[in-house]
Amino acid sequence: MTGHPPLREALSEYLSLRRALGFKLATAGRLLGQFIDYLDHRQATTVTVEHALAWATLPSGASTTWHAIRLSTVRGFAVYLHSLDAAVAVPPADLLRHGPDRATPYLYSDTEIRALITSAGTLQPKFRAATYQTLIGLLAVSGVRISEAITLDTDDLDTTGGQLLVRQTKFGKDRLVPLHPSTTRTLVGYRNLRDQEHPHPRCPALLVSTTGTRLHHSNVSLVFARLTGQAGIIRRSATCRPRIHDLRHSFAVATMLDWYRTGADVPAMMPRLATYLGHTDPKHTFWYLSAAPELMALAGQRLDAHLAGR
């Protein structure tokens, strides 16, 4: 006996959950149906790494990329089953190697984010410390991209409305990002400190270097790597290492977790999160959420409750 529903029933629930997040899943549904047929033929009642690997590498003459796609499809289903039954094994992400690895998001805990901000406070001179503390805090609580944060100009901060104007984003559109009052106050405090440090601005940037110039992505990444080491934050696997961009992933996952815990209508809220993050479609937001087993578990529990009620 296993702790999860029969495999075909679990598959139906899993696909329903993914479709609620905006995925059509034509290929995934077909592949997973074939995988369940494979398990039925072997009278298997659960997913194992051995079954997943044996099925994924069929047919033997196919490309390694196709094998990896098949395994990735099964792995997503296994993650969902694992959230229902801890005995289900999840195939390792790097079990089949093909081409360059896509980075696995590093999801920071609140404790790790505080540790990063504390480490940033040790930078010298003090204005540099203030800049990085403000930058890391802003990324953690707003979910903006690092490229968006360093291209913000002073005029993009609306202190009256409590929002940021993010211009010409990844998809070539402007968007407004509402801020918590405490975030607005922090940005105003930093702006005042910056004006004292550089009374004659060399550029219109909101966040500036010690010389008063706009921050550069490469320099920020180097400093952030140093801060993660000081904070004791290390890579979790070959493809999962702490990156500054992952503060955005962490924001998205934390938002979704809050919605599930408070009983919000998550499918209805997904377009709002996608818009807030600057995505053109909610399905683009799913990558930010797929690396969080806790989130998948809560989603599974919500789906179970819905099906039971129906």
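See the structure above.
Presented here is an overview of the structure given in this document. (Residues numbered from 1 in each chain as written. Predicted model: local features only at pLDDT ≥ 70, side-chain atom pairs only at ≥ 80, totals over all residues. Heavy atoms only, no water.)

**As for the sheet that holds strand β1 (residues 157–158)**
Through backbone hydrogen bonds, the strands of a sheet pair up, either in parallel or in antiparallel fashion.
Move 1: As summarised here, the arrangement of the three strands in space is β1-β2-β3, forming an open sheet in which the pairing is antiparallel. Both outer strands of the open sheet, β1 and β3 (175–178), are each paired with one neighbouring strand and no more.
Move 2: Sheet analysis places strand β2 (residues 163–166) next to β3, joined by four bridges and oriented antiparallel. Among the inter-strand pairings, Gln163 is bridged to a residue of β3, identified as Pro178. (Pairing = 2+ DSSP bridges. Helix = DSSP H or I, 4+ residues; strand = E, 2+ residues; numbered from the N terminus.)

**Regarding the nonpolar core**
Move 1: Membership of the largest hydrophobic core comes to 78 residues, with the highest contact counts inside it found for Val47, Phe77, Leu135 and Leu247.
Move 2: Looking at this core element by element, the count peaks at nine residues for helix α6 (residues 126–142).
Move 3: Once residues within four sequence positions are removed from consideration, Leu247 is found in contact with Tyr108, Ile113, Ile136, Leu139, Ala140 and Phe224. (Core = buried A, V, L, I, M, F, W, Y, C linked by side-chain atoms within 4.5 Å. Buried < 20%, exposed > 50% of the residue type's maximum accessible area, 1.4 Å probe, protein only. Contact = heavy atoms within 4.5 Å.)

**Remarks on the side chain of Glu148**
Move 1: Residue placement: Glu148 occurs in helix α7 (residues 146–150).
Move 2: In this structure Glu148 touches Val166, Thr169, Lys170 and Arg175, once residues within four positions along its chain are discounted.

**So, the packing of aromatic side chains**
Move 1: Scanning the entire structure with this criterion turns up eight aromatic pairs.
Move 2: Relative to Tyr108, the ring of Tyr106 has its centre 4.9 Å away and its plane inclined at 45°; by these criteria the two rings are tilted. Accessibility assignment for this pair places Tyr106 and Tyr108 in one class, buried.
Move 3: When the ring of Phe127 is compared with that of Tyr190, the centres are 5.7 Å apart and the planes differ by 20°; the resulting orientation is stacked. Of this pair, Phe127 sits in helix α6 while Tyr190 sits in helix α8 (residues 181–197), and the two are 63 residues apart along the sequence. Summarising the burial analysis for this pair, Phe127 and Tyr190 share the class buried.
Move 4: Through a chain of ring-to-ring contacts, three or more aromatic side chains come together here, namely Tyr14, Phe77 and Tyr80.
Move 5: Over the ring of Tyr38 we find Arg42; its NZ or CZ atom is 3.7 Å from the centre of that ring.
Move 6: We note Arg236 situated over the ring of Tyr106; from NZ or CZ to the ring centre the distance is 3.6 Å. (Phe/Tyr/Trp six-rings, centres within 6.5 Å; stacked < 30°, edge-to-face > 60°. Lys NZ or Arg CZ within 6 Å of the ring centre and 35° of its normal.)

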